[in-house]
Amino acid sequence: MIEVRELTKVYNKQFALRNLELSIEPGKCLCILGPNGAGKSTFMRILATLSRPNKGDILFEGESIFSEPAVFRKKIGLIGHATFLYPELTAGENLKFYATLYQIPDAQQRIDDLLQTVGLMHRKDDRVRTFSRGMQQRLAIARAILNDPEHLFLDEPYTGLDQSASQLLTDRIIELKSAHRTIVLITHNLQQGYQLADKIVIFKDGRVADEAVTSAISESDFQQRYLAITSGGVN
Ligand code: ADP
């Protein structure tokens, strides 16, 4: 269980997160929706230990993730706004680099399998700087799941993906859910979020404005609630 307690982040005297409270159940998919500027990406960066809160904490199994961030980082896969890929390295070299970082034994077979899965085996030896945005995003998916992470954090992962890559990502998410991995997904696509999520939360003004368990509410009822909350526009 991941517990978010009074999480607060301030940028230039402006609150990006205000005493955010949230619990993330193991093996479940949590989807975060909300208008631009609601604090979603700020939250994801802190959850991935890439940024620190000004106040509050995130506990995993009762321990702060910030006490040993390197240990927590080994358990996570992240797709963020940055691809975290090295443009001058080839696709294969990028995955090899991360495999070394994660100390994955006999990584070559796993790297080849993943390149096959994301449809990039034929570009294995090409430098990433020659890849299209969508191809880089495909490789970022392979990078994020390379270490078979216990928690997968996805910040608008469908950006730039074509239909077949989107389907591939959805299939991986469903597969990881059935393998009891914890998934946190930020998306602007309510329908997609509703279909994948066990729980959906709506962020607004750095707080959780609403939340629902998807099995307890229809998509159209949830959409009404979402529209009522977000009709005020961006911050
Ligand atoms: P969302 O992902 O929901 O669109 P963000 O978390 O990106 O929202 O942003 C929340 C607020 O924090 C916004 O007002 C944004 O301008 C601000 N913010 C985010 N990152 C930074 C940063 N690095 N420096 C200054 N302000 C930031």
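Residues numbered from 1 in each chain as written. Predicted model: local features only at pLDDT ≥ 70, side-chain atom pairs only at ≥ 80, totals over all residues. Heavy atoms only, no water.

## Here's the deal with helix α4 (residues 107-117)
An α-helical turn contains 3.6 residues, so a residue and the one three or four places further along point in the same direction.
So, point 1. Within the span of α4, buried status applies to Ala107, Ile111, Asp112, Leu114 and Leu115. The buried side chains of α4 occupy one side of the element, clustering within an arc of 165° when seen end-on. Exposed side chains of α4 directed beyond 90 degrees from the buried face belong to Gln109 and Gln116.
So, point 2. A positive backbone phi angle near 75° is found at glycine 119, which sits one or two residues after α4. (Buried < 20%, exposed > 50% of the residue type's maximum accessible area, 1.4 Å probe, protein only. Helix = DSSP H or I, 4+ residues; strand = E, 2+ residues; numbered from the N terminus. Arc of directions from axis to C-beta.)

## Focus: the site of the ligand
So, point 1. Taken together, Tyr11, Asn12, Ala16, Pro35, Asn36, Gly37, Ala38, Gly39, Lys40, Ser41, Thr42 and Arg45 form the complete shell of residues around the ligand.
So, point 2. The contact in question runs from an oxygen atom of the ligand to an N or O atom on the backbone of alanine 38, over 3.0 Å.
So, point 3. One of the backbone nitrogen or oxygen atoms of glycine 39 is found 3.0 Å away from an oxygen atom of the ligand.
So, point 4. When isolated, the ligand has an accessible area of 560 Å², and the protein chains bury 59% of it. (Near = heavy atom within 4 Å. Polar contact = N/O pair within 3.5 Å; in protein donor to acceptor, adjacent residues only side chain to side chain. Areas by Shrake-Rupley, 256 points an atom, 1.4 Å probe, with all protein chains shown as cover.)

## Some remarks on the sheet that holds strand β2 (residues 14-24)
So, point 1. Strands sit in the order β2-β1-β4-β5 across an open sheet of four strands; the sheet is antiparallel. In this open sheet, the two edge strands, each paired with only one partner strand, are β2 and β5 (63-64).
So, point 2. Across five bridges, strand β1 (residues 2-11) lies against strand β4 (residues 55-60) in antiparallel orientation. Within β4, the position partnered with valine 4 by the bridge is isoleucine 58. (Pairing = 2+ DSSP bridges.)

## Digging into unusual backbone geometry
So, point 1. At asparagine 12, a residue that is not glycine, the phi angle is positive and equals roughly 45°.
So, point 2. With respect to the helices, strands and loops of the structure, asparagine 12 is situated in the loop between β1 and β2.
So, point 3. The backbone phi angle of glutamine 103 is positive, close to 55°, even though this residue is not glycine.
So, point 4. Mapping glutamine 103 onto the fold places it in the loop between α3 (91-101) and α4.

## Side note on the domain arrangement of the protein chain
So, point 1. Taken as a whole, the protein chain is organised into domain 1 (1-75 + 151-162 + 170-235) and domain 2 (85-148).
So, point 2. Inter-centroid distance (C-alpha atoms) of domain 1 to domain 2 is 26 Å.
So, point 3. In this complex, domain 1 contributes twelve residues to the contact, which on the side of domain 2 involves twelve residues.
So, point 4. Buried area between domain 1 and domain 2, summed over both chains or domains, comes out near 960 Å², and the portion from carbon and sulfur atoms is 53%.
So, point 5. When residues of domain 1 are sorted by the area they lose upon contact with domain 2, Lys74, Leu161 and Arg172 head the list and together hold 45% of the total.
So, point 6. The interface formed by domain 1 and domain 2 holds two salt bridges in total.
So, point 7. We note a salt bridge from arginine 181 to aspartate 148, for which the minimum N-O separation is 2.8 Å.
So, point 8. Summed over the shared surface of domain 1 and domain 2, the number is five residue pairs in polar contact (both at pLDDT 80 or more).
So, point 9. The class makeup of the residues in the side of domain 1 that touches domain 2 is four nonpolar, two polar and six charged. (Domains from an automatic or database assignment. Contact = heavy atoms within 4.5 Å. Buried area = accessible area lost by both parts, 1.4 Å probe. Salt bridge = Lys/Arg side-chain N within 4 Å of Asp/Glu carboxyl O. Nonpolar A, V, L, I, M, F, W, Y, C, P; charged D, E, K, R; others polar.)

## Some details on the side chain of serine 51
So, point 1. As for its placement among the helices and strands, serine 51 is situated in the loop between α1 (40-47) and β4.
So, point 2. Taking the relative accessible area as the measure of exposure, serine 51 reaches 13% and is therefore buried.
So, point 3. A distance of 3.4 Å separates polar atoms of two side chains, one belonging to serine 51 and the other to lysine 9.
So, point 4. Among all residues touching serine 51, those that are not within four sequence positions of it are Lys9, Tyr11, Arg45, Ile46 and Phe66.

## Digging into the sheet that holds strand β7 (residues 151-155)
So, point 1. In space, the six strands of this open sheet follow the order β6-β7-β8-β3-β9-β10, with mixed pairing throughout. Where the open sheet ends on each side, the last strands, each with one partner, are β6 (76-79) and β10 (207-213). Ignoring strand direction, the axes of neighbouring strands in this sheet form an average angle of 15°.
So, point 2. Pairing geometry for strand β9 (residues 199-204) and β10, over six bridges, is antiparallel. Across the sheet, isoleucine 202 pairs through a bridge with aspartate 210, a residue of β10.
So, point 3. Strands β3 (29-33), β7 and β8 (182-186) of the sheet are contacted by helix α6 (residues 163-178), whose axis makes an angle of about 145° with β8. (Axes fitted to C-alpha atoms, helices over the stretch in contact; angles between N-to-C directions.)

## Quick word on the state of the cysteines
So, point 1. Under the definition given, this model contains zero disulfides.
So, point 2. Lacking any disulfide linkage, cysteine 29 is separated from the closest cysteine sulfur, that of cysteine 31, by 6.6 Å. (Disulfide = S-S within 2.5 Å.)

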